[in-house]
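An overview of the molecular structure
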There are 2 protein chains.
Amino acid sequence: MNTDNIIRAKYLIETSQPLEKAAQMMAGEQSCGTFVRVPGETDELREQFSAKVELIEELGTVPQPTLPGAKHAAANVPVQRAIVQLAWPFHNVGANLPNLMATVAGNLYELNPFSGLKLLDVEIPPAFADKYPGPQFGIEGTRKLTGVYNRPVIGTIIKPSVGLTPEATAAQTETLIEVGLDFLKDDELMGNPPHSPFEKRVKLVMDVINRYADKTGKKPMYAFNISGDVDDMLNMHDVVLNNGGTCVMVSINHVGLSGFSKLRQHAQLPIHGHRNFWGALSRSEVLGVDFQAYQKIWRLAGVDHLHTNGIRNKFCEADESVIKSIKSCLTPMLDGYPVMPVISSGQWAGQAVDTYNAINSTDVMYVCGGGIVAHPAGIAAGVRSVVQAWEAAIKGESLAAYAEKHIELKQAIEVYG
Amino acid sequence: MNTDNIIRAKYLIETSQPLEKAAQMMAGEQSCGTFVRVPGETDELREQFSAKVELIEELGTVPQPTLPGAKHAAANVPVQRAIVQLAWPFHNVGANLPNLMATVAGNLYELNPFSGLKLLDVEIPPAFADKYPGPQFGIEGTRKLTGVYNRPVIGTIIKPSVGLTPEATAAQTETLIEVGLDFLKDDELMGNPPHSPFEKRVKLVMDVINRYADKTGKKPMYAFNISGDVDDMLNMHDVVLNNGGTCVMVSINHVGLSGFSKLRQHAQLPIHGHRNFWGALSRSEVLGVDFQAYQKIWRLAGVDHLHTNGIRNKFCEADESVIKSIKSCLTPMLDGYPVMPVISSGQWAGQAVDTYNAINSTDVMYVCGGGIVAHPAGIAAGVRSVVQAWEAAIKGESLAAYAEKHIELKQAIEVYG
């Protein structure tokens, strides 16, 4: 069998059962068989359709089961953690994302040998590429639309998240683009509510942006949140397109793979992937999905921008994990599928050098809130401080040294540093 | 403000921060404000759009933070658990399921005061009913299509899960309906793979079922797994419909809310909701989503059948939790939205009496694998044993007493009991 026709998935497992037996149970449950043979389950069928256990790597023991409900082998049997890799023939599934997920991330989370099971990574065969073309714009397309090269696309979020009228949103947009921001976005809480009807918001915001673009030749990108039912999303996409907009945003976890794929098929604009609910999928060390697997699935579905968090963020994620996420987005998959990582949460000029040194790239969106709009010398100075910080990073200078020559950066460090 | 226009959500939280402060942070993050006021965030806006903390109920302390990454107040500060209820004005969101989820189950999972946060329940205002009509068939429609009344709809799953040809699937279908099963389903791993093309499988299976229906007047229901991209799902739905089929199945978590809603709008058949991946969302006591909230969202989206697991199952879920799930499905929401709970996993005649006594209803699907097909006197006897067990339950007799008068039940108890 050609390795190109294999689906692979890697898991962290925790169990008090013998590891080989536990791994075989995962493989059986997620392919043709269980331990009990059923009529019709011939040797040929098993040979052709069984998932194979390719790797078991012991990681050591933990004092007690992490998740409740697992069948404990016996009181004195240790609870072990291990990495397990399974492989499935492509022909078990076909090129179908929801069915791929049912195969690599389905019922197995409930299997009773496991007091922990997390999907760490997936390896997707090229046959999926025929069905799922991936990001339509990605990094290059986003740079072309924004006209920003050789540094991150710098952005912010319209705040307060909800409550602003379309007029107030447009007024805030005007302020934010006048100071040189490349990118603005709706909060994920702001969709199409009665107090800010989508069509009116798009029209008023795009009037401001279009006027600015006519005047300056630079068109900032605004990601309008179109999350919703499929037909509504397609219509809202068209509203954005018809008003000269250049980006739509989707809460990918709540819209889901099928609705997202439909939007991708229809889209003529980049899709900004907001990952709210990600904490629910990932915060347990031993349950859910690791970002390494997650980003591959969503790139396949065609997300152009994907949130990754930022270092020294306001959330719970450690810097090491954030950097791994950004790097995973910047690593080609199936020879391409370029997605632009979106760095946000508590970001200001201060994280630019460390981020750049860790990822060795400027192909990111860098979204700051208070780190720009609350700059002591004003929002324009806030934007300049972030641009300066990335200049320092690219030139290999320290933030402190560069701040000596750049007042806005210096001010930012004095306030936020 | 009318209580009918309020969205409510209840959470289990775990934090070492003061509970009031932590709860206010949730409310702020998920509505108009953060702790830092931003320009445009007027008092009027806050009054109209802030989420309110309606309830904080202390549950006691735990020895250490359960999830990693939380900001710990100080080494000697206890980690507390509590129930928190938040309320949002409907006008913050509008009738939009993905945006509702972004509001009640979005970024808040990553907030750094929390070493645990689980969505326990949601209260959905009637305004959502105008947009989301809910289950089209539900319990009554499923009974009408199957002709099964006054007892559960009894079913099984085609096995092995993958690898069977359409011809082999049809042959197995014939065996299973001849013995009197009301309901069959594809495994969630079986969609539209190269080795069992969907259209051919539907045609051959429905030939068998249609012939049987013509002969007997009883048409067993077969849930064909149509999970996939939106257009593919709509087409596959139509293939099932045009071949006389009476049910389609969807892996709801992987298809997602938007794609599912689109299918619901199009559907002329009941949609069987498979919840694979549910373990990833629910197995942690302090992360993810409780079934009580989950089933409401999917009923709103329009699922007709929803998997709930069964008591004494092969998975990790405790009986108490299973019973709570079944009961929650059977409890009306917004004066209706009837969904039929699907009881499965390790089920046989033996759980019928206890299940009935706990839920006081027969409005369930009761799906058995080995508990029917591996009955020592054959599959037909397996089906009869399950029917007999539910007869005993309804008549208020003990399983043991009823088995004395019913040989197939007696045999089942001897083997599985």
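What you see is a predicted model; the values in this text were computed from it and never measured.

Running from N to C, helix 8 (residues 230-242) of chain A and helix 10 (residues 257-266) of chain B point in directions that differ by 110°, and their axes come no closer than 8 Å. Classified by the angle their axes make, helix 8 of chain A and helix 10 of chain B are roughly perpendicular. Of helix 10 of chain B, the residues touching helix 8 of chain A (which contributes A:Val230, A:Asp231 and A:Met233) are B:Ser258, B:Gly259, B:Lys262 and B:Gln265. Of the residues belonging to the contact of helix 8 of chain A with helix 10 of chain B, the class tally is two nonpolar, three polar and two charged.

What follows is about the confidence of the model for chain A. For chain A, the average pLDDT comes to 95, and 97% of its residues sit at 70 or higher. Model confidence for the complex: the whole-complex pTM is 0.97, and ipTM, which rates the interface, is 0.96.

Bringing helix 8 (residues 230-242) of chain B into the picture now. Residues and elements named next belong to chain B. Relative to the 18 Å expected for 13 residues at 1.5 Å per residue, helix 8 spans 18 Å between its end C-alpha atoms, a close match to the ideal helical length. The set of residues buried in helix 8 consists of Val230, Met233, Leu234, Met236, His237, Val239 and Val240. A positive backbone phi angle near 85° is found at Gly244, which sits one or two residues after helix 8.

What follows covers helix 3 (residues 97-104) of chain A. Residues and elements named next belong to chain A. A large share of helix 3 lies buried, amounting to eight of its eight residues. Burial in helix 3 covers these residues: Leu97, Pro98, Asn99, Leu100, Met101, Ala102, Thr103 and Val104. Near the N-terminus of helix 3, the side chain that reaches the backbone nitrogen of Asn99, with its oxygen 2.9 Å away, is that of Asn96.

What follows is about the UniProt feature "domain: Ribulose bisphosphate carboxylase large subunit C-terminal" (unreviewed entry) in chain A. Under the local residue numbering, the UniProt record ascribes the feature "domain: Ribulose bisphosphate carboxylase large subunit C-terminal" (unreviewed entry) to residues 138-416 of chain A. End-to-end, the C-alpha atoms of residues 138-416 of chain A are 32 Å apart, and along that stretch the chain is 51% helix and 13% strand.

Along the chain, A:Gly141 falls in helix 5 (residues 138-146). For A:Gly141 and A:Met340, which are 199 residues apart along the polypeptide, the C-alpha to C-alpha distance reads 9.9 Å.

On to the sheet that holds strand 13 (residues 365-367) of chain B, then. Adjacent strands of a sheet pair through backbone hydrogen bonds, lying either parallel or antiparallel. Residues and elements named next belong to chain B. What the eight strands build is a closed barrel, ordered 5-6-7-8-9-11-12-13; its pairing is parallel. Geometrically, the sheet is characterised by an average inter-axis angle of 25° between neighbouring strands, direction not taken into account. Inspection of the sheet shows strand 8 (residues 247-251) paired to strand 9 (residues 271-274) by four bridges, in the parallel sense. The partner of Ser251 across the bridge, within strand 9, is His274. Along the sheet, helix 6 (residues 166-178) contacts strand 5 (153-157), strand 6 (183-185) and strand 7 (221-225); its crossing angle with strand 6, the most-contacted strand, is approximately 155°.

Moving on: the environment of A:Leu12. All names here are of chain A. Examined against the element boundaries, Leu12 turns out to sit in strand 1 (residues 6-15). Owing to a relative accessible area of 11%, Leu12 belongs among the buried residues under this scheme. Considering only alpha carbons, one finds Leu12 and Leu287, 275 residues apart in sequence, at a separation of 8.5 Å. Among residues more than four places away in sequence, those in contact with Leu12 are Leu59, Arg81, Ala82, Ile83, Gly116, Leu117, Lys118, Leu120, Glu285 and Val286.

Now for the state of the cysteines. Residues and elements named next belong to chain A. Evaluated as defined, the whole model comprises zero disulfides over all chains. Sulfur of Cys247: no disulfide; nearest cysteine sulfur belongs to Cys329 and is 15 Å away. In this structure Cys247 comes out as buried when scored by relative accessible area, which is 0%.

Rules and cut-offs
- Per-chain numbering applies: the sequence of each chain, read as written, is numbered from 1 onward.
- Numbering of ligands from 1 and lettering of chains from A proceed in the order in which they are written.
- Residue-level local features of this predicted model are given only where pLDDT is at least 70; pairs of side-chain atoms are given and counted only at 80 or more, and the full residue set underlies all totals for whole chains, interfaces and linings.
- Excluded from the side-chain calculation are hydrogens and water; included are all heavy atoms of the structure.
- An axis is simply a line fitted to the C-alpha atoms; with a helix, the fit covers only the stretch in contact. Between two such axes, the angle follows the N-to-C directions and lies from 0 to 180 degrees.
- Starting at the N terminus, helices and strands are each numbered in turn, a helix being any DSSP run of H or I of at least four residues and a strand any DSSP run of E of at least two.
- Roughly parallel refers to an angle under 35 degrees, roughly antiparallel to one over 145, roughly perpendicular to one between 65 and 115, and oblique to any angle outside these ranges.
- The contact rule is simple, with two residues in contact once any of their heavy atoms fall within 4.5 Å.
- All residues other than Ala, Val, Leu, Ile, Met, Phe, Trp, Tyr, Cys, Pro, Asp, Glu, Lys and Arg, Gly among them, are scored as polar; the first ten of these are nonpolar and the last four charged.
- Confidence per residue, as judged by the predictor, is encoded in pLDDT with a range of 0 to 100.
- Here the expected length of a helix is defined as 1.5 Å per residue gap, with one fewer gap than residues.
- Three labels apply to residues, based on accessible area from a 1.4 Å probe with only protein chains included: buried if under 20% of the type maximum, exposed if over 50%, partly exposed otherwise in between.
- By the criterion applied in these results, polar contacts are pairs of N or O atoms within 3.5 Å in which, for protein atoms, one can donate a hydrogen and the other can accept it, and in which residues neighboring in sequence qualify only through two side-chain atoms.
- UniProt positions are given in the numbering used here, feature names are shortened, and annotations may be inferred rather than shown by experiment.
- Strand pairing is assigned whenever DSSP identifies at least 2 bridges connecting the two strands.
- Disulfide assignment relies on a single distance test, namely cysteine sulfur atoms paired within 2.5 Å.

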